[in-house]
Amino acid sequence: MRNVVRFVWHYAEMVIAMYLGMLLLGLLWSAVLPQPVRFDVDTLLMAADMTVGMALWMLVRRHGWARIAEMGVAMFAPFPVLLVPYWFGLLSGHVVMTAGHTLMFVFMALVMLWRRAEYTGHPVGIPGKWLRRSAVVLAALLLPASVSAVNTTGKFGDLYTVRADAVTAGPAPKTGGHDPAKPTVALLTGGAGTNVADLLGPYEVLAGTGRVNTYVVSADPGPATLTGGLDLVPDLTLDGLTRLLDERRDRLDAVVIPAMQEPYPAAGDWLRRQSAAGTLVVTVCNGARVLAGTGLLDGRRATSHWLRLSGLRADFPRVEWVGGVRYVDDGNVITTAGVLSGIDGTLRIIERLLGADTAHEAAQRVHWRHYSPGVAARIPESGLEPGDAVVGINASYHPGPSAIGVRLVDGVGELELASVFISYTEHAMVGRTIAIGDGPVRSRHGLTFVPRATPAEAARDLDRLVVPGLDAARRQVAGVGDLRPEYPHAGGEFAFDPVMRDIARTYDVQTARWTAKTLEYPVLDLGLTGSAWPWVATAVPVALALLGAAVALGAGLLLRRPANRPAGQPTGNRYSRRVASR
């Protein structure tokens, strides 16, 4: 039994060392090396990180180099072996990762069983001083880690929380009705949540032309939850869109797929039918994952958000994923990079359906200054950097103001709404947004949004009150309770610009830069000013770690005090014994 315990303990130690190697070395490589653009390179680097972590711990345990090399081969070998069928398109990246980790654990155990004398000859446990030091370190980390887990889970959980009450409001009728002489574009929403900027940005660009039948569609008639708890009433269901087009003897010219938490199960078949009928299929950001799942991107070039490309390369190796461009136009499929690159992808739709002059006017209408007529603009191929840790600090420890009320008013622009609901939440992670209003509102181009609370209900729970929209700023819409309303949009600039400046001024510049980076939006010309870093939020985990270490040290001192010696009695050193004898 003692040998079994030693064996299991040793195995657990090496597993922990393996994961620590992957975590710590992964952070190091992300800081000093460019982001890997190939799944196989990324996979082999990860396997090497785990093997190095395990090898270092085996050195600490005083194993010989031969045994370390033997275990290293057992851990590393499954991945290059599995990559061979991956290169031939026989396995997906997900299968390679799952099978590789499983085989790694199995081969580690088999090697240990083969050399069981090697792995049962070491005593169980760690020397006392190292055990005490480890306990202090773990206690110091436990408190900030626990707070981080609770706060991060809560903030991410708030992003797409479906409202609990029923919504009876219906969609507003389209001005002028459906015109078969105009091209028709549908924008999809998902059942468990849709990225608000991926959806509303393209919608406003299209609807603002006045020359496109633009519809937000869903599989079900209920409200669609957008980022930050904004509820949108879709114009039509998928079946309703089909009936409308049949009645008007019209066809769907383009469909836009934003990033969705969980696409409707029927969306794949519907998209394949539309593509077969000649419809232009356009994805925004991680909406590319939805389309890739249908097989319609196999053998094509495509792009997506820079944070998503590695996972997409792993899961869909038949697609030629590229980075560094706003969009990729490949026949009847257009894929765009992250979030606000959807503006450029939408302008490309307009170029193809209505011409470059209309696209240029559409870009000017929303003050999009990055329009590149007829060709996809180059953008930086971003990767994770040390400064990007700011989002983890914000998600875990930011002290506020965390509850941001967003007052919905009639006539608000769709991009104006998106700029508020996504920037403070999913990207900056400085707070949660609460949609408030006196009832359903109609946006500038005819969408219906339903608030989740009245101003009176939300007043006591809010830290800030933001009223998006140029019209609201001009009318000076009233505040809520004692909160002074803030009007971010004064006109004459892209809707996200004042929000980026507000994040820098109210929170810090690094958070604003991270937000812009994940939006794939350049802000060098915005003149961001404010604190350089979230120093208060950074001090919180430090204080928690010190508190945890102090508690551990105090507990250790109490446990080490002999039970038969009253508190305050001399500890038994030479001087104290001399004094006691006198």
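These remarks concern the structure in this document. Owing to the predicted nature of the structure, the values given are computational and were not obtained by experimental measurement.

Rules and cut-offs
Residues numbered from 1 in each chain as written. Predicted model: local features only at pLDDT ≥ 70, side-chain atom pairs only at ≥ 80, totals over all residues. Heavy atoms only, no water. Salt bridge = Lys/Arg side-chain N within 4 Å of Asp/Glu carboxyl O. Helix = DSSP H or I, 4+ residues; strand = E, 2+ residues; numbered from the N terminus. Buried < 20%, exposed > 50% of the residue type's maximum accessible area, 1.4 Å probe, protein only. Phe/Tyr/Trp six-rings, centres within 6.5 Å; stacked < 30°, edge-to-face > 60°. Lys NZ or Arg CZ within 6 Å of the ring centre and 35° of its normal. Patch = residues over 30% accessible without salt bridge, like charges linked within 9 Å, V, L, I, M, F, W, Y side chains within 5 Å. Areas by Shrake-Rupley, 256 points an atom, 1.4 Å probe, with all protein chains shown as cover. 1 Å grid on protein atoms, 1.4 Å probe; cavity = no way out; pocket = protein on both sides within 12 Å on 5 of 7 lines; lining within 4 Å. Points joined across faces, edges and corners; volume = space filled by probe spheres on them. Nonpolar A, V, L, I, M, F, W, Y, C, P; charged D, E, K, R; others polar. Pairing = 2+ DSSP bridges. Right-handed = clockwise from strand over helix to strand, strands pointing away. Arc of directions from axis to C-beta. Contact = heavy atoms within 4.5 Å. Expected span 1.5 Å × (residues − 1). Axes fitted to C-alpha atoms, helices over the stretch in contact; angles between N-to-C directions.

Pairing of side chains with opposite charge becomes possible as their charged atoms draw close. Within this structure, the stated rule accounts for 28 salt bridges. With a shortest N-O distance of 3.5 Å, arginine 407 and aspartate 438 are connected by a salt bridge. Placement of the pair is arginine 407 in strand 12 (residues 403–407) and aspartate 438 in the loop between strand 13 (432–436) and strand 14 (441–442), with a sequence separation of 31 residues. Overall, the relative accessible area of 12% leaves arginine 407 in the buried class. The partner of arginine 505 in a salt bridge is aspartate 502, with the nearest N and O atoms 3.5 Å apart.

Let us now look at the packing of aromatic side chains. What the rule picks out here adds up to seven aromatic pairs. Plain terms: the ring middles of tyrosine 19 and phenylalanine 105 are 6.4 Å apart, the flat faces sit at 35° to each other, and that makes the pair tilted. You can see tyrosine 19 sitting in helix 1 (residues 2–32) and its partner phenylalanine 105 sitting in helix 5 (residues 93–114), a full 86 residues away along the chain. By relative accessible area, tyrosine 19 is classed as partly exposed at 34%. Considering the side-chain rings of phenylalanine 494 and tyrosine 521, the 5.4 Å spacing of their centres and the 40° angle between planes classify their relative orientation as tilted. On the criterion of sequence distance, the pair formed by phenylalanine 494 in the loop between helix 18 (470–475) and helix 19 (496–506) and tyrosine 521 in the loop between helix 20 (509–519) and helix 21 (535–560) is long-range, its members being 27 residues apart. According to the relative accessible area criterion, phenylalanine 494 is buried, its value standing at 1%. Here the aromatic cluster, defined as three or more aromatic residues joined through ring pairs, consists of Trp368, Phe494, Phe496 and Tyr521. Of note, arginine 115 hangs over the ring of tryptophan 114, and the distance from its end group to the ring centre comes to 4.2 Å.

Together, Ile16, Leu20, Leu23, Leu24 and Leu27 line one region of the surface with nonpolar side chains, adding up to about 500 Å² of accessible area. Along the chain, the position of leucine 24 falls in helix 1.

As enumerated under the stated definition, the model contains one cavity of 30 Å³ or more in all. Roughly 40 Å³ of volume is contained in the largest cavity. Taken together, Leu188, Thr189, Leu238, Met260, Pro263, Tyr264 and Ala267 make up the full set of residues lining the largest cavity. Among the residues making up the lining of the largest cavity, the classes are represented as six nonpolar, one polar and no charged.

Further remarks concern the pairing of strand 1 (residues 184–188). Along a regular strand, successive side chains alternate from one face of the sheet to the other. Of all five residues making up strand 1, five are buried, and the element is well covered by its neighbours. Covered by surrounding structure in strand 1 are Thr184, Ala186 and Leu188 together with Val185 and Leu187, the residues of both alternating faces. Relative to strand 2 (residues 213–218), strand 1 runs parallel, the two being bridged by five bridges. Paired with threonine 184 across the two strands is asparagine 213, which belongs to strand 2. Viewed along the sheet, the connection from strand 1 through helix 8 (residues 196–207) into strand 2 turns out right-handed. With three bridges joining them, strand 1 and strand 6 (residues 254–257) adopt parallel strand pairing. Looking across to strand 6, one finds that valine 185 is bridged to alanine 254.

Here strand 6 shows no split at all, with Ala254 and Val256 on one side and Val255 and Ile257 on the other all buried. Note that strand 6 and strand 7 (residues 280–283) share four bridges and pair parallel. Across the sheet, valine 255 pairs through a bridge with valine 281, a residue of strand 7. Each parallel crossover has a hand, and for strand 6 linked through helix 10 (residues 267–276) to strand 7 it is right-handed.

What follows is about helix 10. The set of residues buried in helix 10 consists of Ala267, Gly268, Trp270, Leu271, Gln274 and Ser275. For helix 10, the buried positions fall inside an angular range of 165° around the axis, keeping them on one side. Of the exposed residues in helix 10, the ones pointing more than 90 degrees away from its buried face are Arg273 and Ala276. On its buried face, helix 10 is in contact with strand 1, helix 9 (238–247), strand 6, strand 7 and helix 11 (287–292). Directly after helix 10, the chain includes glycine 278, whose backbone phi takes a positive value near 95°.

Here we take up helix 2 (residues 39–60). Taking 1.5 Å of rise per residue, the 22 residues of helix 2 would be expected to cover 32 Å, and the 32 Å separating its terminal C-alpha atoms lies within 8% of that figure. Among all positions of helix 2, only Phe39, Asp40, Thr43, Met46, Ala47, Asp49, Met50, Thr51, Gly53, Met54, Ala55 and Met58 are buried.

Turning our eyes to something else, we now look at unusual backbone geometry. The phi torsion at valine 339 lies on the positive side, around 45°, for a residue other than glycine. Along the chain, the position of valine 339 falls in the loop between strand 11 (333–336) and helix 13 (341–354). If you check the backbone angles, methionine 429 has positive phi at about 60° while not being a glycine. The class of methionine 429 is buried, set by a relative accessible area of 1%.

What follows deals with the sheet that holds strand 12. Ordered by their spatial adjacency, three strands build an open sheet running 13-12-16, and the pairing between neighbours is parallel. Looking at the sheet topology across the chains shown, the edges are occupied by strand 13 and strand 16 (464–466). The mean inter-strand angle of the sheet, taken between neighbouring strand axes irrespective of direction, is 30°. Bridge count for strand 12 against strand 13 is five bridges, and the pairing is parallel. Each residue of the ladder has a partner; that of arginine 407, found in strand 13, is isoleucine 436. Packing against the sheet, helix 16 (residues 414–427) makes contact with strand 12, strand 13 and strand 16, and its axis sits at approximately 155° to strand 13.

Strand pairing in a sheet is mediated by backbone hydrogen bonds. Such pairs are either parallel or antiparallel. The seven strands are arranged 5-2-1-6-7-11-10 in an open sheet whose pairing can be described as mixed. Edge positions in the sheet fall to strand 5 (236–237) and strand 10 (327–330), since each of these pairs with one other strand and no more. Its contacts with the sheet place helix 10 against strand 1, strand 6 and strand 7, and it is angled at close to 145° to strand 6. Here helix 13 sits on the sheet in contact with strand 1, strand 6, strand 7, strand 10 and strand 11, set at roughly 30° to strand 10.

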